[in-house]
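Geometric and topological summary
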Amino acid sequence: MSASANRLCLDMRFLTMAVLSLRREVVPGEGPPSCDGGTVTFRADSVIADYRSDPNLVTRGLAHCVMHCILGHADPLGSPSRLLAEDMIAEYVLDSLNTPHVTVDGRDDRMYACEKFFRRAGAPAPELVEKELDEASQWQTDLYARMFARDDNSMHAESDSAEWRELAQQAVAEVEGFIRDVGGGTDAFVSIMRIRNRRRYDYRSFLRKFMTRRSSVRESMDEFDPIFYTYGLSMYGNVPLMDSLESSDSHRVEEFVIAIDTSGSTMRGPVAAFLEEAFAVLRQSGMGRGVNLHVVQCDEEVRSDDVVRCEGDIRRLASDFRLRGGKGTDFRPVFRYVDALVESGEFRNLRGLMYFTDGMGTYPERRPPYDTAFVFCDDRYTELDVPPWAMRLVVRTSDLAGREEAAR
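A brief structural summary. This one's a predicted model, so the numbers in the text were calculated from it and none came from an experiment.

**As for the overall build of the protein chain**
Looking only at helices and strands, the protein chain features 16 helices and eleven strands. In the protein chain, of all internal contacts separated by at least 6 residues, the share reaching a separation of at least 24 is 67%. In the form shown here, the protein chain has an accessible surface area of approximately 20700 Å², with 48% of it arising from carbon and sulfur atoms.

Listed below in structure tokens is the structure:
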């Protein structure tokens, strides 16, 4: 087993830290290897038989377990389709790398099957491939199980811990920074790791960052010291030693724009759920004087502008909201419209614009004078680029599921 670990590190040195972090043990009996995130357990009879047949089979089994840990495949109670999807992704990465001590027979068939399913799923993500496998026939899933299963999935545990996430990020950094090959063998690993490491953003926190910090003229009890105040009054009459501060910083959404992409591919459910979240943040920050929120709908042109200045406006918009548009996606009309509002005096201190969209459109060439973010509703891990002056957030429909049900 030590020799297999050494060969694996020699072939894929970016996995060295991951391999060394796992203990290896051999127990009597037959069966595939298993890994609980800390120890890889091999069965002696199977190791001997595999080594006699092809020494690479033992190294491949170890590499398969390590790849599960690196990719964060940690649910032993997942459905058979989910576990098979994870096996397919792990094997696809190893077959793509195609190194001397890890490659085993059947590579072309496995690569063909994986690429076919990945194309249909949209991305090599376990949850997407799982859905495609659920639609496959029983004989096909049985065939793929024989092709891709190399370990005992029932032992998966703790491989999505903070330690393994850090090891995964280190592996990607080493591949991208030092050993990425010209032939493209590591491209599959890097793209799948980007899916694994993709952060799930909380757009409510992002909206709070756009809140205007302002000074309101009112008594700040947090800064008030009653001891010195009353001492001054008792000693000198109406001359307090320290008066309370008459200003206080407060966080409140005052002037803000939410733009909604209403092109033909946009679904009402995610949009309504997103607005519900935005309104929840608005309520939490306080519906005081000066609130000026514009909800602008646009496809190829601006279709509507709903202004929110009070709780009644929120209730009205939430109860009677419908998408207007249905054509192509062009982001520029919204920016031209908002710039015109700024010039007309509708906005005096516009804090930012958040654009909710499900796809790519045409961006403005110049940076606007206010902060801008594009929030993409994307379930297929599409590489979505935005201009350097804009922020990008990606949410999934599952992140909006709770609010979507409420919106219905």
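Structure's up, so let's keep going.
**Regarding the sheet that holds strand 3 (residues 39-43)**
Strand order in the open sheet formed by three strands is 1-3-2, and the pairing between neighbours is mixed. Either end of the sheet is taken by a strand with one partner, and the two such strands are strand 1 (23-27) and strand 2 (34-35). Pairing of strand 2 with strand 3, which is carried by two bridges, proceeds in the antiparallel orientation. Considered in strand 3, the bridge of Ser-34 is made with Thr-41.

**Looking at the packing of aromatic side chains**
Applying the stated criterion to the full structure yields 13 aromatic pairs. Residues Phe-335 and Trp-389 carry aromatic rings whose centres are separated by 6.1 Å and whose planes lie at 80° to one another, so their mutual orientation is edge-to-face. Taken as a pair, Phe-335 in helix 15 (residues 332-344) and Trp-389 in the loop between strand 10 (371-377) and strand 11 (391-395) lie far apart in primary sequence, 54 residues in all. In terms of burial, Phe-335 and Trp-389 fall into one category: buried. Among the aromatic residues, ring-to-ring pairing joins Phe-331, Phe-335, Tyr-355, Tyr-363, Phe-374 and Trp-389 into one connected group.

**Here's the deal with the pairing of strand 10**
With six of seven residues buried, strand 10 lies mostly within the body of the structure. Where strand 9 (residues 352-357) meets strand 10, six bridges bridge the pair, whose relative direction is parallel. If you follow Phe-356 over to strand 10, its bridge partner there is Val-375. Where strand 10 lies against strand 11, five bridges are found, and the strand directions are parallel. Bridge assignment links Cys-377 to a residue of strand 11, and that residue is Val-395.

**Some points on the sheet that holds strand 9**
What the six strands build is an open sheet, ordered 8-7-6-9-10-11; its pairing is mixed. Looking along the sheet, the strands with just one partner apiece sit at the ends: strand 8 (302-308) and strand 11. On average, adjacent strands in this sheet sit at an angle of 20° to one another, irrespective of strand direction. Across the sheet, helix 13 (residues 268-285) touches strand 6 (255-261), strand 7 (292-298), strand 8, strand 9 and strand 10, and the angle it forms with strand 6 is around 170°.

**Here's the deal with the nonpolar core**
Core analysis: the biggest nonpolar cluster contains 60 residues, and Val-66, Ile-70 and Phe-189 have the highest contact counts within it. Among the elements that take part in this core, helix 5 (residues 80-97) stands out by supplying nine residues, more than any other. If near-sequence neighbours (up to four positions away) are discounted, Ile-70 is found in contact with Leu-15, Ala-18, Trp-164, Leu-167, Ala-168, Phe-189, Met-193 and Arg-196. Membership of the second largest hydrophobic core comes to 23 residues, among which are Ile-258, Ile-260, Ala-278 and Met-354.

**Focus: the pattern of salt bridges**
Counted under the stated rule, the structure contains 16 salt bridges. One salt bridge in this structure joins Arg-110 and Asp-95, with 2.8 Å as the shortest N-O distance. Of this pair, Arg-110 sits in helix 6 (residues 107-121) while Asp-95 sits in helix 5; the two residues are 15 residues apart in sequence, bridging distant segments of the chain. The burial state of Arg-110 is the same as that of Asp-95; both residues are buried. Put simply, Asp-330 and Arg-332 hold a salt bridge, and the shortest N to O gap is 3.0 Å. Residue classification places Asp-330 among the buried positions, given a relative accessible area of 13%. One salt-bridge network, in which partners are shared between bridges, spans Arg-60, Glu-91, Asp-95, Arg-110 and Arg-150.

So, how was this worked out
Residues numbered from 1 in each chain as written. Predicted model: local features only at pLDDT ≥ 70, side-chain atom pairs only at ≥ 80, totals over all residues. Heavy atoms only, no water. Helix = DSSP H or I, 4+ residues; strand = E, 2+ residues; numbered from the N terminus. Contact = heavy atoms within 4.5 Å. Areas by Shrake-Rupley, 256 points an atom, 1.4 Å probe, with all protein chains shown as cover. Pairing = 2+ DSSP bridges. Phe/Tyr/Trp six-rings, centres within 6.5 Å; stacked < 30°, edge-to-face > 60°. Buried < 20%, exposed > 50% of the residue type's maximum accessible area, 1.4 Å probe, protein only. Axes fitted to C-alpha atoms, helices over the stretch in contact; angles between N-to-C directions. Core = buried A, V, L, I, M, F, W, Y, C linked by side-chain atoms within 4.5 Å. Salt bridge = Lys/Arg side-chain N within 4 Å of Asp/Glu carboxyl O.

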